[in-house]
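Okay, here's what each chain looks like letter by letter:
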Amino acid sequence: MDENTEIWRKYYNKAMSRKNSPRTERAVQLNTSGLNVAVDCGCGTGSDIAYLAEQGYRVHGFDINPDAISICRKRFRHDALIEVSEASFEDFTYPTAGVIMANSSLFFAEPSVFNSAWRAITDSLAVGGVFGGDFMGVDDSWADGFRLATTPLTQTQVMDLFENFEIVRFHERNEEGSTSMGSIKHWHTYSVLAVKRGI
């Protein structure tokens, strides 16, 4: 087993007990698209999938990690409203959706395909639908030389992504802090909750 696989498995073991993100709850409240379809990008062990399905959403979750998908397929095997796929940001086929969540996952989109992946996400989001997610800032410890590819962005670059949105919440984190595995790193992230406007 390589180092990355072992690290992810330890992470998923911890994540199994995690509650859904409050941001996902807020996204559901803000969704005025009339579509009860959601996408969870980088779904991990499925805490947000479970919440969205409880709210009556048909949920499409994807993750590039086979361990995550194995956990979700077992967890949701009896729920017809949930479909999970092993896929990356750039090769997932996005359905038209009212909610798209990318909590702590767009960090790891390949830089060379980030723009096309973002376009696929925003094109599939219905007018009145909600995006919620995190972007990596340029001062983050993982912005350069991390064991996985990352796509760090400046604040201006993040804001430019939301030209056709009404931003409901924009929060910058730039501080030392611990990871879910307990190690210390410098976090620099931009967290966004935004509603897609009509063009």
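Residues numbered from 1 in each chain as written. Predicted model: local features only at pLDDT ≥ 70, side-chain atom pairs only at ≥ 80, totals over all residues. Heavy atoms only, no water.

Draft legend 1. Expanded view of the pairing of strand E4 (residues 97-102). For E4, the tally of buried residues reaches six of six residues, placing the bulk of the element in the interior. Here three bridges tie strand E1 (residues 37-41) to E4, and the two strands are oriented parallel to one another. Looking at E4, one finds that Asp-40 is bridged to Met-101. In the sheet, E4 pairs with strand E5 (residues 125-137) via five bridges, with the strands oriented parallel. Bridge pairing in E5 places Val-99 opposite Val-130. In this region the chain leaves E4, passes through helix H5 (residues 114-124) and returns to the parallel neighbour E5; the handedness of that crossover is right-handed. (Buried < 20%, exposed > 50% of the residue type's maximum accessible area, 1.4 Å probe, protein only. Helix = DSSP H or I, 4+ residues; strand = E, 2+ residues; numbered from the N terminus. Pairing = 2+ DSSP bridges. Right-handed = clockwise from strand over helix to strand, strands pointing away.)

Draft legend 2. Geometry of the pattern of salt bridges. Per the stated rule, a full pass over the model turns up three salt bridges. With its nearest N and O atoms 2.7 Å apart, the salt bridge here joins Lys-185 to Asp-140. Highlighted residues: Lys-185 in strand E8 (residues 184-196) and Asp-140 in the loop between E5 and strand E6 (152-153), separated in sequence by 45 residues. On the basis of relative accessible area, Lys-185 is assigned to the buried category, the value being 5%. Note on Asp-140: relative accessible area 5%, which makes it buried. (Salt bridge = Lys/Arg side-chain N within 4 Å of Asp/Glu carboxyl O.)

Draft legend 3. Fine view of unusual backbone geometry. Backbone geometry at Ser-104 places phi at a positive 55°, although glycine is not the residue there. Within the secondary structure layout, Ser-104 lies in the loop between E4 and H5. Judged by its relative accessible area of 42%, Ser-104 falls in the partly exposed class.

Draft legend 4. A look at the nonpolar core. In terms of nonpolar packing, the biggest core is built from 28 residues, with Phe-89, Leu-106, Trp-118, Phe-131, Phe-135 and Phe-162 touching the most fellow members. For this core, the secondary structure elements donating two or more residues are E1, E4, H5, E5 and E8. Tallying contributions element by element places H5 first for this core, with four residues. Excluding its chain neighbours within four sequence positions, the residues that come into contact with Phe-131 are Ile-100, Ala-102, Leu-106, Trp-118, Ile-121, Leu-125, Phe-162, Phe-165, Val-192, Leu-193 and Ala-194. (Core = buried A, V, L, I, M, F, W, Y, C linked by side-chain atoms within 4.5 Å. Contact = heavy atoms within 4.5 Å.)

Draft legend 5. The packing of aromatic side chains, seen in detail. Evaluated as defined, the whole model comprises 17 aromatic pairs. Seen in terms of ring centroids, Phe-107 and Phe-108 are 6.0 Å apart; in terms of plane orientation they differ by 75°. Their pairing is edge-to-face. The class for Phe-108 is partly exposed, based on a relative accessible area of 23%. With 5.7 Å between their ring centres and 35° between their planes, Phe-170 and Tyr-190 make a pair best called tilted. In this pair, Phe-170 sits in strand E7 (residues 165-178) while Tyr-190 sits in strand E8, placing the two residues 20 residues apart along the sequence. (Phe/Tyr/Trp six-rings, centres within 6.5 Å; stacked < 30°, edge-to-face > 60°.)

Draft legend 6. Structural context of the layout of surface pockets. Estimates place the volume of the second largest pocket at around 230 Å³. Residue contributions to the lining of the second largest pocket peak at five residues, all from H5. For the lining of the second largest pocket, the class distribution of residues is four nonpolar, three polar and five charged. (1 Å grid on protein atoms, 1.4 Å probe; cavity = no way out; pocket = protein on both sides within 12 Å on 5 of 7 lines; lining within 4 Å. Points joined across faces, edges and corners; volume = space filled by probe spheres on them. Nonpolar A, V, L, I, M, F, W, Y, C, P; charged D, E, K, R; others polar.)

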